[in-house]
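Read off the chains here:
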Amino acid sequence: MNDLVNLLQNLYDQSGQELVADVNHVYIAGGVIALLVLISLTLLLKKSPEKIEAEQTPIKDIAEEEASTTETSKEVILETQTLEEAPVEVVPVGPSWKERLKKGLSKSSNEVWSKIGTIFTGKGLDEDTLEEVEELLYGADIGPTIAAELIESLEEEAKKDGFGEKEFKAFLKNFLNSKMSDVQSGVDVDLYNFDEANRGKTKVIMVVGVNGAGKTTTIGKLATKLTAQGAKVVVGACDTFRAAAVDQLEVWCQRAGAEMIRAKEGANPSGVGYDALQTALNSKADYCILDTAGRLHTKDNLMDELKKSRDVLKKLDETAPHQTLLVIDAITGQNAIRQAEEFNNTLGLSGLIFTKCDGSSKAGAAIGIVDKLKVPITYIGVGESVEDLNVFNLNEYLDALLDID
């Protein structure tokens, strides 16, 4: 028992000594720190005010520089924002219309007209050469009547000295121009340019043609061109037998900002046309463009249906339709003349739209149609985009067809 008490007493004494030692260490450390602080204060107090200010100046300059940089950055940001908000003029890129037209008619030019031109060497026109030219002309789809007249005139011209390829092209352009210019001068310019003076006076345009000629796409492009000029356009989707065509037309109208009137699939086409015109008149639209179901020109009952659709419009406006345009696919060649004849006999066409003149060698059919029916070409198309449908310009057409720069 006594031994246990003695052991505990020894442990207590030893712990107490270590605690005292630790306390002493704390006191010593604190004294050292206090001494260092006192020395620092003494050195600081010995510095002159000028020296202190000199040491503070760079800090002040840096602060001012940072503030100036911040203001400059703000000005740059504001200027950048102003430039971004300013309207940016979009400059169209790509080939011009003249270049696209020339490319579209290049096949017809290369396979027919250029071949004819190379025949002439300035040594006159013998019987064999004449037959070769005649064969090529028939391949150009200009029609037998124009081909015969051209050959007859060509025989006289070719007798002149120095009649070569250049002289042939000049002769050919003048000849074809004489067959089309009078008819082309009768085109209604309201088809191209919206006249603000006619605001609210609804002009009805009925578009017809066989299936696959490009009616729906052409109507979409035409609506886009007119709305871009500030005209209000209502489109009637009267091809109720093809839901896909109606859906396609709706997409075009949405892009163009034109209102479209449609009905259930299989509805009466003439009824849709009537509703579209009624809507256009009520809203004082500038144009009412009517799509129609594709009709084979050889089916009399279907052509009669088109006539009915036309006559129904007269219940609302006895002068309607103001324009009846036939869309013709250039690929059909001579068959296009037959189509145009039948549609013209049934409806009395006021204009033609020549489409798909990109990659066909049969573009010459336009000349025969205009000459035979005395109906002008209003638009010509060489591709799928809106810019690929343009006003038909006779001079540009003949230059591209004959490859005249």
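## Re the pairing of strand E1 (residues 203–208)
Then comes step 1: In terms of burial, E1 is largely enclosed, as six of its six residues are buried.
Then comes step 2: A two-sided burial pattern is seen for E1, the buried positions comprising Lys203, Ile205 and Val207 on one face and Val204, Met206 and Val208 on the other.
Then comes step 3: Here four bridges tie E1 to strand E4 (residues 287–291), and the two strands are oriented parallel to one another. For Met206, the partnering residue across the bridge sits in E4 and is Leu290.
Then comes step 4: As paired strands, E1 and strand E5 (residues 323–329) are joined by four bridges and run parallel to one another.

## Brief notes about the packing of aromatic side chains
Then comes step 1: Using the criterion set out here, one finds four aromatic pairs in the structure.
Then comes step 2: Their ring planes at 80° and their centres at 5.4 Å tell us that Tyr192 and Tyr379 sit as a pair that is edge-to-face. Taken as a pair, Tyr192 in the loop between helix H7 (165–184) and E1 and Tyr379 in strand E7 (residues 377–381) lie far apart in primary sequence, 187 residues in all.
Then comes step 3: Aromatic pair Phe392 and Tyr397: ring centres 5.1 Å apart, planes at 50°, arrangement tilted.
Then comes step 4: The ring of Trp252 has Arg255 sitting right over it, with the charged end atom 5.6 Å from the ring centre.

## Quick look at the sheet that holds E5
Then comes step 1: Spatial strand order, E3-E2-E4-E1-E5-E6-E7-E8: eight strands in an open sheet with mixed pairing. The open sheet terminates on both sides in strands that have one partner only, identified here as strand E3 (259–261) and strand E8 (389–391). Adjacent strand axes in the sheet meet at a mean angle of 25°, parallel and antiparallel pairs treated alike.
Then comes step 2: The pairing of strand E2 (residues 233–237) with E3 spans three bridges and is classified as parallel. Residue pairing across strands places Gly236 opposite Ile261, the latter belonging to E3.
Then comes step 3: Against the sheet, helix H13 (residues 365–373) engages E5, strand E6 (351–355) and E7, with an angle of about 175° to E6.

## Describing H13
Then comes step 1: Of all nine residues in H13, eight are buried; the element is thus mostly enclosed.
Then comes step 2: Regarding H13, the residues found buried are Ala365, Ala366, Ile367, Gly368, Ile369, Val370, Asp371 and Leu373.
Then comes step 3: Of the residues one or two after H13, Lys374 is the one with positive phi, at around 60°.

## Considerations on the environment of Thr240
Then comes step 1: Tracing the sequence through the fold places Thr240 in the loop between E2 and helix H9 (243–256).
Then comes step 2: By relative accessible area, which is 3% here, Thr240 ends up buried.
Then comes step 3: For the pair Thr240 and Glu265, spaced 25 residues apart in the sequence, the C-alpha separation amounts to 5.1 Å.
Then comes step 4: Not counting chain neighbours up to four residues away, the residues in contact with Thr240 comprise Lys264, Glu265, Gly266, Ala267, Pro269 and Val272.
Then comes step 5: At 2.7 Å, the side chain of Thr240 forms a polar contact with the backbone oxygen of Ala267.

## Let's talk about the nonpolar core
Then comes step 1: Formed by 90 residues in total, the largest nonpolar core has its most connected members in Trp113, Val235, Ile289, Phe354 and Tyr397.
Then comes step 2: The contacts of Ile289, once residues within four sequence positions are left out, are Ile205, Val207, Ile219, Leu222, Ala223, Leu226, Val233, Val234, Val235 and Gly236.
Then comes step 3: In this structure, Val204, Ile261, Leu290 and Ala320 belong to the second largest nonpolar core, which totals 13 residues.

## So, the pattern of salt bridges
Then comes step 1: Throughout the structure, instances matching the rule amount to 16 salt bridges.
Then comes step 2: Between Asp311 and Arg310 there is a salt bridge, with its nearest N and O atoms 3.1 Å apart.
Then comes step 3: Accessibility expressed as a relative area gives 34% for Asp311, which makes it partly exposed.
Then comes step 4: Between Glu342 and Arg338 there is a salt bridge, and its shortest N-O distance comes to 3.5 Å.

## With respect to the side chain of Thr217
Then comes step 1: Tracing the backbone shows Thr217 in helix H8 (residues 215–228).
Then comes step 2: Here Gln248 takes part through its side chain, which lies 3.3 Å from a polar atom of the side chain of Thr217.
Then comes step 3: Sequence-distant contacts of Thr217, that is, excluding residues within four places in its chain, are made with Gln248, Trp252 and Glu384.

## Thoughts on the packing of helix H4 (residues 106–119) against helix H5 (residues 127–139)
Then comes step 1: Across the interface, H4 lies against H5 with an axial gap of 9 Å and an inter-helix angle of 165°. Comparing their axes, H5 and H4 come out roughly antiparallel. Crossing angle aside, the handedness with which H4 passes H5 is left-handed. For the pair formed by H4 and H5, the contact residues are Glu111, Val112, Trp113, Lys115, Ile116 and Ile119 on the first element and Thr129, Glu132, Val133, Leu136, Leu137 and Gly139 on the second.
Then comes step 2: Looking at the contact of H4 with H5, its residues break down into seven nonpolar, two polar and three charged.

## Description of a negative patch on the surface
Then comes step 1: Taken together, Asp126, Glu127, Asp128, Glu131, Glu132, Glu135, Glu152 and Glu155 make up a surface patch of like negative charges.
Then comes step 2: Listed by contribution, the elements that provide at least two residues to the negative patch are H5 and helix H6 (144–157).
Then comes step 3: Per element, the largest residue contribution to the negative patch is five residues, and it comes from H5.
Then comes step 4: Position of Glu131 among the secondary structure elements: in helix H5.

## Let's talk about the pairing of E7
Then comes step 1: Most of E7 sits out of view: five of its five residues are buried.
Then comes step 2: Bridge count for E7 against E8 is three bridges, and the pairing is antiparallel. Along E8, the bridge assignment pairs Gly381 with Leu389.

The rules behind these values
Residues numbered from 1 in each chain as written. Predicted model: local features only at pLDDT ≥ 70, side-chain atom pairs only at ≥ 80, totals over all residues. Heavy atoms only, no water. Buried < 20%, exposed > 50% of the residue type's maximum accessible area, 1.4 Å probe, protein only. Helix = DSSP H or I, 4+ residues; strand = E, 2+ residues; numbered from the N terminus. Pairing = 2+ DSSP bridges. Phe/Tyr/Trp six-rings, centres within 6.5 Å; stacked < 30°, edge-to-face > 60°. Lys NZ or Arg CZ within 6 Å of the ring centre and 35° of its normal. Axes fitted to C-alpha atoms, helices over the stretch in contact; angles between N-to-C directions. Contact = heavy atoms within 4.5 Å. Polar contact = N/O pair within 3.5 Å; in protein donor to acceptor, adjacent residues only side chain to side chain. Core = buried A, V, L, I, M, F, W, Y, C linked by side-chain atoms within 4.5 Å. Salt bridge = Lys/Arg side-chain N within 4 Å of Asp/Glu carboxyl O. Parallel < 35°, antiparallel > 145°, perpendicular 65-115°, else oblique. Left-handed = near helix turned anticlockwise from the far one by under 90°. Nonpolar A, V, L, I, M, F, W, Y, C, P; charged D, E, K, R; others polar. Patch = residues over 30% accessible without salt bridge, like charges linked within 9 Å, V, L, I, M, F, W, Y side chains within 5 Å. Areas by Shrake-Rupley, 256 points an atom, 1.4 Å probe, with all protein chains shown as cover. Lys, Arg positive; Asp, Glu negative; His and termini not counted. Charge placed at Lys NZ, Arg CZ, Asp CG, Glu CD.

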